[in-house]
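Structural overview for review
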Amino acid sequence: MIRRPPRSTPSNSSAASDVYKRQVTRLRDYFIKATDYMTGALTRPDKALCYVDDDWGGYPGGKTGNGPYYQSSMQLAYSDTTLIDDHAATYASDYYNILQQPDYEFIHTMVHGGSWCHLFMVDHSYEERVHSNPAYPFNYKLFDIDGNALFYNLYSCSNGDYHDAPDIYIAGEYVFGSAFSLTVTTSSKTGGMLGYASFYDRINSNHLQGTAWLAWWKEVGMNIDAGAAEIVWADCVNTMEETWYPDPSYPINLDDLYEYHEQWFGGMVFIGDPTLIT
């Protein structure tokens with residue numbers, strides 16, 4: 001998203017112009033790398049990573065979390081999908097290091113977040129950040145590295161909020177700040193994609209990413225019928241979003257589900273070139 005600099009006084013016109021020039025440069029660089037991908041000059045192994053932080057991952061003592069469920073959805077598109085979901089393994093430092101390796105084409109990340117950061121949990125508290133805000137001194141600055149994966153699905157609240165943080169929102173930093181990354185699907189508010197199978201199955205079938213995303217939106221995001229209800233209800237149980245849906249033992253109430261859909265899926269965004277095929 002480019003914001004044209006406002007009519008400015010002499011004291012701030014230079015800063016506004018610098019922001020505008022930076023945005024234009026990033027867009028030009030994006031089209032170059034997108035062209036490189038389409039012509040085969042930019043490639044990655046046909047592999048994916050499902051990186052699941054504490055609230056959705058494995059639990060101490062070996063108790064299985066929801067990671068295998070998310071992994072199986074990704075495997076519809078990438079049979080070689082690595083799952084990292086152990087509490088003892090998911091840290092900002094680990095994720096930050098993974099981003100710098102050219103090992104994966106697609107990364108699906110599940111972590112708490114905000115408009116300019118991922119909030120990784122350590123011992124049930126938010127203690128580590130990967131972020132895109134130069135004003136903060138935290139470690140693991142996304143703008144200091146090139147994310148090496150080409151595509152991302154960020155289940156991380158508000159990562160796509162370009163209104164709150166137009167120049168530093170983290171989903172934009174993934175796409176426009178890296179020499180390699182091309183697309184991100186995420187939410188601009190509290191929420192994220194559920195019913196992943198609809199999206200990844202189409203990715204596997206060589207659909208355009210934007211077409212796959214739109215099909216997911218029609219089938220799951222805002223399709224309130226018995227089939228969509230069943231898909232989302234199952235995902236609600238698997239993601240344990242207990243504040244957003246009634247007890248799963250209750251019969252499905254479509255009025256409740258419609259309210260859930262509006263609250264949860266409203267604000268979903270796709271950032272990057274929707275005509276790309278994985």
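Each remark here, short or long, concerns the structure printed above.
I will try to describe carefully the structure that is included in this document. Treat the numbers as computed from the prediction; the structure is a model and nothing was measured. (Residues numbered from 1 in each chain as written. Predicted model: local features only at pLDDT ≥ 70, side-chain atom pairs only at ≥ 80, totals over all residues. Heavy atoms only, no water.)

Quick notes on the overall build of the chain
Basically, it comes down to this: Elements are defined by DSSP. Helices are runs of H or I of four residues or more, strands are runs of E of two residues or more, and each kind is numbered from the N terminus. Under the scheme applied here, a residue whose accessible area is under 20% of the maximum for its type counts as buried, over 50% as exposed, and between as partly exposed, the area being computed with a 1.4 Å probe on protein chains only. Whether two residues are in contact is decided by their heavy atoms: any pair within 4.5 Å suffices. Surface accessibility follows the Shrake-Rupley procedure with a 1.4 Å probe radius. Residue values consider only the protein chains on display as shielding.
Helix and strand counts for the chain come out as eight helices and nine strands. Counting the 278 residues in the chain, one finds 48% classified as buried. Intrachain contacts of the chain at a sequence separation of at least 6 include 74% that bridge at least 24 residues. For the chain, the computed accessible surface area is about 12700 Å², with 51% contributed by carbon and sulfur atoms.

Concerning helix α4 (residues 170-177)
In terms of burial, α4 is largely enclosed, as seven of its eight residues are buried. Taken as a whole, α4 has its buried residues at Ile170, Ala171, Gly172, Glu173, Tyr174, Val175 and Phe176.

As for the sheet that holds strand β2 (residues 81-84)
Either a parallel or an antiparallel arrangement is found when strands of a sheet pair, and the pairing is made through backbone hydrogen bonds. Here is the rule we go by: In this analysis, strands are considered paired if DSSP registers two or more bridges between them. In this analysis, axes come from line fits to C-alpha atoms, helices being fitted only over the stretch in contact, and the angle between any two N-to-C directions falls in the range 0 to 180 degrees.
What the six strands build is an open sheet, ordered β2-β1-β3-β7-β8-β9; its pairing is mixed. Of all strands in the sheet, those bounded by a partner on one side alone are β2 and β9 (268-272). Taken pair by pair, the neighbouring strands of this sheet meet at an average axis angle of 10°, ignoring direction. As paired elements, strand β3 (residues 106-110) and strand β7 (residues 151-155) share five bridges and run parallel to each other. Note that in β7 the partner of Ile107 across the bridge is Tyr152. Its contacts with the sheet put helix α5 (residues 196-204) on β3 and β7, and the angle it makes with β3 is roughly 170°.

Here we look at helix α2 (residues 67-74)
For the record, the criterion: Taking the helix axis as origin, the arc is that swept by the directions to the C-beta atoms.
The complete set of buried residues in α2 reads Gly67, Tyr70, Gln71, Ser73 and Met74. Buried residues in α2, looked at end-on, bunch into an arc of 160°, giving them a common side.

A few points about the packing of aromatic side chains
Counted only if it meets this: Here a pair means two rings of Phe, Tyr or Trp (six-membered ring of Trp) with centres within 6.5 Å. Their orientation is stacked below 30 degrees between planes, edge-to-face above 60, and tilted elsewhere. A positively charged side chain is recorded as over a ring if its NZ (Lys) or CZ (Arg) lies within 6 Å of the ring centre. The angle to the ring normal must also be within 35 degrees.
Going through the model one piece at a time under the given rule, you end up with 22 aromatic pairs. Judged by centre distance (4.6 Å) and plane angle (55°), the rings of Tyr152 and Tyr174 are tilted. Of this pair, Tyr152 sits in strand β7 while Tyr174 sits in helix α4; the two residues are 22 residues apart in sequence, bridging distant segments of the chain. A single burial state applies to Tyr152 and to Tyr174, both of which are buried. An aromatic cluster of at least three residues, connected via ring pairs, comprises Tyr37, Tyr78, Phe106, Phe151, Phe199 and Tyr200. A cation sits over an aromatic face here: Arg44 above Phe180, 4.8 Å from the ring centre.

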